[in-house]
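# Descriptive analysis of the structure
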Amino acid sequence: MQENQEKLPIYKRKYLINLRFQLNFIAYTIFVALTVILAVFLTSNYFFDTFMERGVNLGLDKGHVFFTFLEQQKQYMTKLLLGLSSFYFLVLTIFGILYSHRVAGPIHRLNNHMRSVAVDEVREPVKFRKNDFFQELAESYNSQFYTLHGKSDSKTEFKETS
């Protein structure tokens, strides 16, 4: 299945393989980003409101160009922050799916492999994709696998080359 997955075009691959973990990972990532954006938005509003208050304290008329300018800048900044928030939401969702897949994928692969070995369907070591996390987990498992199956433990035999 792993080899088939790597040969598929990117848009046909299954990226959400541990839905609960991956959606939680994405949610936390987006939450942190939106919290930072909210802090920037509130700081920006505070900045503009402070300048408005200074204008009032200076005795400027409400129709003064200073207030018109500040209001236009505040609206521009709000639109900019909303646009950036939407962009970051999209980018972080994609990042979250791809990055969490590199974490969930090896664990999913190892779990399926152990189940297959348990029912004697598989008699070969587990292989992870080149960029997956937890490569050392595959090496440890394969070392145990070779020991239990009486084969020599040659790491070059089961390390992924692609």
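Above: the structure in question.
Here goes a summary of the coordinates provided. In every chain, residue numbers begin from 1 and rise along the written sequence. pLDDT decides what is reported in this predicted model: residues at 70 or higher carry local features, side-chain atom pairs at 80 or more are listed and counted, and totals for whole chains, interfaces and linings draw on all residues regardless. Values shown for side chains rest on all heavy atoms present in the structure; no hydrogens or waters enter the calculation.

Note: α-helices contain 3.6 residues per turn, so residues at a spacing of three or four share the same orientation. The terminal C-alpha atoms of helix α4 (residues 135-148) lie 20 Å apart, and with 14 residues this matches the ideal 20 Å at 1.5 Å per residue to within 8%. For α4, the full list of buried residues reads Ala138, Tyr141, Asn142, Phe145 and Tyr146. For α4, the buried positions fall inside an angular range of 135° around the axis, keeping them on one side. The outward face of α4, more than 90 degrees from its buried face, is lined by the exposed residues Thr147 and Leu148. Here a helix means four or more residues in a row that DSSP labels H or I, a strand means two or more in a row labelled E, and each is numbered from the N terminus. By this rule, a helix spans an expected 1.5 Å times one less than how many residues it contains. To sort residues, take the accessible area from a 1.4 Å probe on protein chains only and compare it with the maximum for the residue type: under 20% means buried, over 50% means exposed, and anything in between is partly exposed. This arc corresponds to the set of directions leading from the helix axis out to the C-beta atoms.

Right, let's get into unusual backbone geometry. In this structure, Asp120 is a non-glycine residue whose phi angle is positive, near 60°. Residue placement: Asp120 occurs in the loop between α3 (65-118) and α4. With a relative accessible area of 47%, Asp120 lands in the partly exposed category.

On to the packing of helix α2 (residues 19-57) against α3, then. Two packed helices can be described by the angle between their axes and the distance between those axes. All axes are obtained by fitting lines to C-alpha atoms, using only the stretch in contact for helices, and the reported angles, taken between N-to-C directions, cover 0 to 180 degrees. For the pair α2 and α3, interaxial distance at closest approach is 8 Å and the crossing angle is 170°. With respect to each other, α2 and α3 are oriented roughly antiparallel. Between α2 and α3 the crossing geometry is right-handed. Polarity classes work like this: nonpolar for Ala, Val, Leu, Ile, Met, Phe, Trp, Tyr, Cys and Pro, charged for Asp, Glu, Lys and Arg, and polar for all others, with Gly in that last group. A per-class count over the contact of α2 with α3 returns 25 nonpolar, 12 polar and three charged. By definition in this entry, angles of less than 35 degrees are roughly parallel, angles greater than 145 are roughly antiparallel, angles of 65 to 115 are roughly perpendicular, and the rest are oblique. It is the rotation of the near helix from the far one that decides the hand of a crossing: anticlockwise by less than a right angle makes it left-handed, clockwise makes it right-handed.

Another point: the pattern of salt bridges. Here a salt bridge means any side-chain nitrogen of Lys or Arg lying within 4 Å of a carboxyl oxygen belonging to Asp or Glu. Tallied over the entire structure, the rule returns two salt bridges. A salt bridge links Lys74 to Asp49; the shortest N-O distance between them is 3.0 Å. Pair noted here: Lys74 is in helix α3 and Asp49 is in helix α2, with a separation of 25 residues, a long-range link.

Note on aromatic pairs: the rings of Phe, Tyr and Trp (six-membered ring only in Trp) are paired at centre separations within 6.5 Å, and the planes decide the class, stacked below 30 degrees, edge-to-face beyond 60, tilted for the rest. According to the stated counting rule, one finds 10 aromatic pairs in the structure shown. Ring geometry for Phe21 versus Phe25: centroids 6.2 Å apart, planes at 35°, classification tilted. Of this pair, Phe21 and Phe25 both sit in helix α2, separated by four residues, roughly a single helical turn. Its relative accessible area of 23% is what places Phe25 among the partly exposed residues. On the basis of an interplanar angle of 75° and a centroid distance of 5.6 Å, the ring pair of Phe66 and Phe67 is categorised as edge-to-face. Relative accessible area serves as the criterion here: at 7%, Phe67 is assigned to the buried category. When the ring centre of Phe51 is taken as reference, the NZ or CZ atom of Arg54 above it lies at 5.4 Å. Two thresholds decide whether a charge sits over a ring: the Lys NZ or Arg CZ must be within 6 Å of the ring centre and within 35 degrees of the ring normal. Positioned above the aromatic ring of Phe133 is the side chain of Arg102, whose terminal nitrogen or guanidinium carbon lies 4.5 Å from the ring centre.

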